[in-house]
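# Structure assessment
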Amino acid sequence: MPLVRSHYPFSAIVGCDAGEPDDLGLSLILTGISPQIGGVLVRGEKGTAKSTAARALAALLPPVDVHPADRFSTDPADPDDASPDGPFEPGGPLESRPVRLVELPVGATEDRVLGSLHLEQALSHGKVAYEPGLLARAHRGILYADEVNLLPDHLVDLLLDAAATGRVTVERDGFSMEHAARFLLIGTMNPEEGELRPQLLDRFGLTVEVAAPRDPAPRAEVVRRRMAYDADPAAFAARHRPSEEALAARIAAARSRLGEVRLPDAALHKIAEICAAFDVDGLRADIVTARTAVAHAAWAGRTTVTRDDIRRAARLALPHRRRRNPFDAPGLDEELLDRILGDDELPPDPPDGTTPPPPADGGPDGPDAGPGEDGPDGGGPTDGPGDGTRSGGSTHGPEGAADSDSTPQPGGTPALPDGAAPGAAGDEAPDGPRRTAPAADTTVKATAPYRPRLLTVRGTGEGADGRRSRALGARGRRIGADRPGHRGARGSLHLVETVRAAAARAGAARTGSVRAAGSLRLRPEDLRTSVREGREANLILFCVDASGSMAARKRMTQVKTAVLSLLLDAYRRRDKVGLITFRGQDAELALPPTHSVDIAAARLDGLPAGGRTPLAEGLLEAARVVARERRRDPRLRPLLVVVTDGRATGGKDAVARSLAAADQVASLGVSTVVVDSESGPLRLGLAAHLAARLHADHLPVREVSADALSTAVRERAA
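Summary of the structure given here.

Parameters at a glance
Residues numbered from 1 in each chain as written. Predicted model: local features only at pLDDT ≥ 70, side-chain atom pairs only at ≥ 80, totals over all residues. Heavy atoms only, no water. Helix = DSSP H or I, 4+ residues; strand = E, 2+ residues; numbered from the N terminus. Buried < 20%, exposed > 50% of the residue type's maximum accessible area, 1.4 Å probe, protein only. Contact = heavy atoms within 4.5 Å. Polar contact = N/O pair within 3.5 Å; in protein donor to acceptor, adjacent residues only side chain to side chain. Pairing = 2+ DSSP bridges. Core = buried A, V, L, I, M, F, W, Y, C linked by side-chain atoms within 4.5 Å. Salt bridge = Lys/Arg side-chain N within 4 Å of Asp/Glu carboxyl O. Patch = residues over 30% accessible without salt bridge, like charges linked within 9 Å, V, L, I, M, F, W, Y side chains within 5 Å. Areas by Shrake-Rupley, 256 points an atom, 1.4 Å probe, with all protein chains shown as cover. Lys, Arg positive; Asp, Glu negative; His and termini not counted. Charge placed at Lys NZ, Arg CZ, Asp CG, Glu CD. Expected span 1.5 Å × (residues − 1). Axes fitted to C-alpha atoms, helices over the stretch in contact; angles between N-to-C directions. Parallel < 35°, antiparallel > 145°, perpendicular 65-115°, else oblique. Nonpolar A, V, L, I, M, F, W, Y, C, P; charged D, E, K, R; others polar.

Before going further, it helps to examine the overall build of the protein. If you tally the helices and strands in the protein, you get 21 helices and 20 strands. Classification of the 718 residues of the protein by burial places 47% in the buried group. When contacts within the protein are restricted to residue pairs at least 6 apart in sequence, those whose partners lie at least 24 apart make up 77%.

This next bit is on the side chain of Thr48. Structurally, Thr48 can be placed in the loop between β1 (40–44) and α2 (50–56). At 2.9 Å, the side chain of Thr48 forms a polar contact with the backbone oxygen of Glu45.

The next subject is the pairing of strand β17 (residues 586–594). Remark: a regular strand shows side chains that alternate across the two faces of the sheet. Where strand β16 (residues 576–583) meets β17, six bridges bridge the pair, whose relative direction is antiparallel. Paired with Thr581 across the bridge in β17 is Glu588. Linking β16 to β17, which pair antiparallel, is a turn of two residues; within it Gly584 sits at a positive phi near 70°.

Of all hydrophobic cores here, the largest spans 68 residues; its most connected members are Phe10, Ile33, Ile274, Phe278, Ile310 and Leu318. Judged by nonpolar contacts, the second largest core, of 36 residues, contains Met556, Leu567, Val643 and Val675.

Next up on the list: the pattern of salt bridges. Taken as a whole, this structure holds 31 salt bridges when the rule is applied. With a closest N to O distance of 2.3 Å, Asp309 and Arg302 form a salt bridge. Three or more residues joined by partner-sharing salt bridges are found here, namely Asp23, Arg311, Arg315, Glu334 and Asp338.

On the surface, Asp308, Asp343, Asp344 and Glu345 cluster together into a patch of negative charge. With respect to the helices and strands, Glu345 occurs in the loop between α14 (334–341) and β12 (465–473).

Take helix α12 (residues 284–300) next. For α12, spanning 17 residues, the distance from its first C-alpha to its last is 24 Å, which sits close to the expected 24 Å at 1.5 Å a residue. Burial runs high along α12: 13 of the 17 residues are buried. Just beyond α12, the residue with positive phi is Gly301, at close to 85°.

This next bit is on the packing of helix α1 (residues 23–33) against α12. Contact pair α1 / α12: the axes reach a minimum separation of 9 Å and the direction vectors enclose 95°. With respect to α12, the element α1 is oriented roughly perpendicular. Here Leu26, Ile29, Leu30 and Ile33 of α1 come into contact with α12, specifically with Thr292, Ala295, His296 and Trp299. Residues of the contact of α1 with α12, tallied by class, amount to six nonpolar, two polar and no charged.

Here it is, written out as structure tokens:
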């Protein structure tokens, strides 16, 4: 008999005991008490027990009653929860089984998630039978997605549909099927590997940020418990069984108490006031916060929601709903939350049952709070790391001064780059005998990003599903069928073409027609899979000139805004991004290729400009990164975006070396776009010459915007 390894007990996780659980333990407990909350997203660095806690939750939940022959785990007590395996005899035998924990792998196919035609039944017996998928198994249980931010788009779409409707509908291969799929969705992710799509992020009721403790005592306790578990899992689980049973009993009691908990009107108004003050989108935040507050009251043994219940609920339900764009870090201003809640306990409902009027004090700070005061609209404590730094083209330092991190010269004139002469709008003149002192490093901010034009890789690839370049893969429109393993034949089984291939083989073997129905024999060489054409994700490698020739404020602002807009576009298209900068005497890989676009935006935000222009070093570093990434993943096609004015001034023979480096990049056959940052009335056109040498597309920075391109097309047409 195979050995069954005991799971790590939930109550043994440091911070997840029943006495005073931390945010991770509390969020999982509350969703176990009230699954209507909508699940939990756990964000954090590696090695912080995210997956361990999620997998341990299932053992704490009450068992479910099911019909023995029901593969879909429908609820016998719910007449609306009909099973495709039914109908079942009323009053028939039932069995009680533990809640299932169903794991959704990143590489799962659509057939495995939704279910599919049972091929053996169809081909051997001519019967149409449905094989349930992972969503059917997760009904009334837990669906756990590790690295949920790395799920391909087609799986995210399936999760969104199931989470929104609570049902799964399958229409394929000549049959229709519909069944219930209500589950507790738990996802874990490392933000360094990329962010989650906003649509799926909003479907998680609660979000928790976890990090390893910096105090040596709890770190040592974690190691002590883990080593004890690894030495003897069964004995470790037995030692914690009493605490596990006590925690499971408390969750079951809280579930039974849930319907008795009252949400007073004053508490409901306070929840609505909090959600409005934090400027969250829609009303889902209000609903989730209210449900979480009720669950917390039931967990604490209370029958009425209190101020503390609302505070704990808001801290878990609102942080991820405050993000205005992917570059904003999730978070919640707890000082503002405390001001809104106040120090007094919530008043009870009036005895006659009438609804009290909402507070008319104009906000949490009373009627005197104006737009200049701290608050969501006043630029006070609610401004998160991403708030106010890219809107309007200016930043606000501690004293509110614009562009506080740049260093203008006396009289308001910015420092000129190396070899520059005064000109219109701070643009440079060509190098000449007149030289000025080298400019000090400056750092400017990008303005609000815009919708950029679509940049694609030439040809047709076979990369992972995405939204950028043409590719053959498992998604998209069907353009044919081929033997498995041939180029592009990575889709599902093409049953019609498989039968046709078998019939053609049988016809070739016999001079007559194919034998009577039912006698056709399939062989492995007859199998055909669909060839589909869709879109793939790419590696977008930015190579950005940060030298003194870019240091003029208007120019660098344009460049940063353009790159920021392309980064946001890469996030939406599920691309991998990397960032190379070159200035002074060398180039630097500021960000190795990653799916975390927000980290790239942060590196770009703090990028200074100054010094000479080592263009050759920047191009050679780009060539090295492209070659290395091709070895790691040959199917991931790169798109190199070089942002420069084309000047080369760093090192000996700078121009000749830059041309040789351009030839080396061109020999790699990588699709390249040169974003020309040169502006002003006098232009040298060096970036256009560089683009020709690279066999690249030349794109002036002012034309990166899709709206600017549309305007130019309309003007030419006129």
